[in-house]
Amino acid sequence: MAGSTGYIGVATTALPRKRQIAGKSITRPSMQYIRLAHNAFGRGAHLYLFDPQKVDWSTGQVRAWVPVNPADPRGNWVLRIQRLPDVIYENVYVHLAVKGYSDRLRREARKRRIPLYNPVLPGKWRMIEVLRSNDLLEFTPETERLRSVSQGMQRVAQWGVVYIKPIGGYGGMDVARVERLGPNQYRVSVDRTKRQTAQMRMTISEPQLRHWMERRLQRPHIVQRGLNLMSVNGRKVDFRVVLHRDGFGDWQLVGIIPKVAQRDGVVTNIIAGGERMDVDKLNVMAAREGKRIPVEELESRAKQIASVLSRRHPTVGLVGFDMAVEENGKVSMIEMNPKPARSLLSVPMLEQLAGYTVGFALFLARRNRKSGSVTGAPGHREETARMFVGGRAGR
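Rules and cut-offs
Residues numbered from 1 in each chain as written. Predicted model: local features only at pLDDT ≥ 70, side-chain atom pairs only at ≥ 80, totals over all residues. Heavy atoms only, no water. Helix = DSSP H or I, 4+ residues; strand = E, 2+ residues; numbered from the N terminus. Expected span 1.5 Å × (residues − 1). Buried < 20%, exposed > 50% of the residue type's maximum accessible area, 1.4 Å probe, protein only. Axes fitted to C-alpha atoms, helices over the stretch in contact; angles between N-to-C directions. Parallel < 35°, antiparallel > 145°, perpendicular 65-115°, else oblique. Left-handed = near helix turned anticlockwise from the far one by under 90°. Contact = heavy atoms within 4.5 Å. Core = buried A, V, L, I, M, F, W, Y, C linked by side-chain atoms within 4.5 Å. Phe/Tyr/Trp six-rings, centres within 6.5 Å; stacked < 30°, edge-to-face > 60°. Salt bridge = Lys/Arg side-chain N within 4 Å of Asp/Glu carboxyl O.

Caption draft 1: Representation of helix α9 (residues 347–370) in the model. With 24 residues, α9 should reach 34 Å at 1.5 Å per residue; the first-to-last C-alpha distance of 35 Å fits that figure. Burial of α9 is extensive: 17 of the 24 residues sit out of reach of the surface.

Encoded structure:
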C-alpha cells in the first residue's frame, strides 16, 4: 500500500478458522481481530496475525494471516509471507505465555529492537514492590510474601480474614480465603483449583490449618488482608477497571466492569462463578441500599498506578485492575491483570479498545523510528528506515 504507515504484527494462537456465515464458508479470525484490521486499514497501516513460533528469524519472514481485501476484513483471510513488523502486539493466551510460548519472540524482538507491545509485567508480589517504591502502598491492602507457617498464622490472628494467593496464578485459581472463627477453629474456602472446579469449604483446627499452610509454601504465595468489600443484594462486588494508552501514549479509560461474586464466593472471576454486571445497573441497586459506586475515584486510582507502571515498562499499553470498594468507601487495588479478558467488555468498549490498540501500536513504531532504531531483516532495513510511522489513539 503506497503511503503505508507501517506493519503491525499481532502474535497470537487464536488464528483464523473456517466459519459458516450466512450460509457461506469463510476463513476469518474472531471479531476483535477484525476490528483491529479495519482500524489499521483506516489509518493506512498493514495488520497481520501470526503464530509467534511460525517466524523465520534468519530471513525475517513471517507466515501470517491477512484479509484478502484489507478494506473488508470481515471476508476471507489467507496465509501469506510477510516481512517482520514494525511493532508487535503480543496477545498469546496467558496459560501459554506463562509456559514460555512467546519467549523466543520476545528475545528476537528485543535483539532487533522491534517494540513489543504487551510485555511481561510484574506478578502479584512485584506489583506490591512497585507500589511501595512509589509511595502508593496505601492503594492496596496489606500484603506480604508468605514465607512461613508462623507468619501466616500471625496474619490470620491479626487480620481475622486473609487471602492466600499463588504469585503466578490467574483466573482465581487456587485463591483461598482463611477466616478465624474462634479458638482452634478456622474456615478455609476456595472457589477454583486445578484439581476440581467445584467450591471447597472446610472448617478445620489450628494444627490442620498449619499443615494446610505448609503445603502452600511449596510454591510462591502472598498473604493479603481480607477486605470488607461492598456488598449489593448480599453479594460481594469488586470492579475491573480496564485502561489503555492512546496514540499519544496517554492512559484512557476503556471501561469499569463490576464483578459480583456468588453468595459466599471467594473470588469474583467469571470462570469461578462470578457474574458480570453493568455499572449503571449496579449503581441503581446500590442506591437502594444507601450505597454509591465511586466511579471517578476508581478511574483516578487506576490511572495513577498505570502511570507508575508505564514509566518502568514503556511499551505497556493495556492493563486491567481489580479494584475494591470497601463498605466504608475506601478504594484499593486488589491486583493487576496484564491481559484482562475481553469477554468482560461490551461491544462499544471493544470497539474503543481496537482503536486504542492500533493507535498505541503506531505510537510505539513512530517513537521507535524517531529514536533511530531500525527493525526488520536484511533486505527490508532500507525500506523500514525510510518508512514514516504515524498514528493516533487501557488485565
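Caption draft 2: Spatial organisation of the packing of helix α5 (residues 149–159) against helix α6 (residues 206–216). At a closest axis distance of 9 Å, the pairing of α5 and α6 adopts a crossing angle of 125°. As the angle between them shows, α5 and α6 are arranged oblique. For the crossing formed where α5 meets α6, the hand is right-handed. Counting all contacts with α5, which are made through Val149, Ser150, Gly152, Met153 and Val156, the residues of α6 involved are Glu206, Leu209, Arg210, Met213 and Glu214.

Caption draft 3: Quick peek at the nonpolar core. Counting 35 residues, the largest nonpolar core has Met127, Phe239, Leu243, Ile293, Leu298, Val319 and Phe321 as its most contacted members. Residue assignment for this core shows that the elements contributing at least two residues are α4 (124–133), β17 (235–245), β18 (251–260), α7 (279–288), α8 (295–312), β20 (318–325) and β21 (331–337). Membership of the second largest hydrophobic core comes to 32 residues, among which are Leu36, Val87, Ala354 and Phe360.

Caption draft 4: A look at the packing of aromatic side chains. A complete count under the given rule lists 4 aromatic pairs for this structure. For the ring pair tyrosine 117 and phenylalanine 360, a centre distance of 5.3 Å and an interplane angle of 75° mean the geometry is edge-to-face. Of the two residues, tyrosine 117 is situated in strand β9 (residues 116–117) and phenylalanine 360 in helix α9; the sequence distance between them amounts to 243 residues. Judged by its relative accessible area of 0%, phenylalanine 360 falls in the buried class.

Caption draft 5: Main features of the pattern of salt bridges. The final tally for this structure, using the stated rule, is 23 salt bridges. In this structure, the salt-bridge partner of aspartate 86 is arginine 83, at a minimum N-O distance of 3.2 Å. Arginine 83 shares its class with aspartate 86; the two are buried. One salt bridge connects arginine 240 with aspartate 322, and the closest N-O pair in it is separated by 2.7 Å. Of this pair, arginine 240 sits in strand β17 while aspartate 322 sits in strand β20; the two residues are 82 residues apart in sequence, bridging distant segments of the chain. For the pair shown, arginine 240 and aspartate 322 are each scored as buried. Through salt bridges with shared partners, one network takes in Glu90, Asp103, Arg106 and Lys339.

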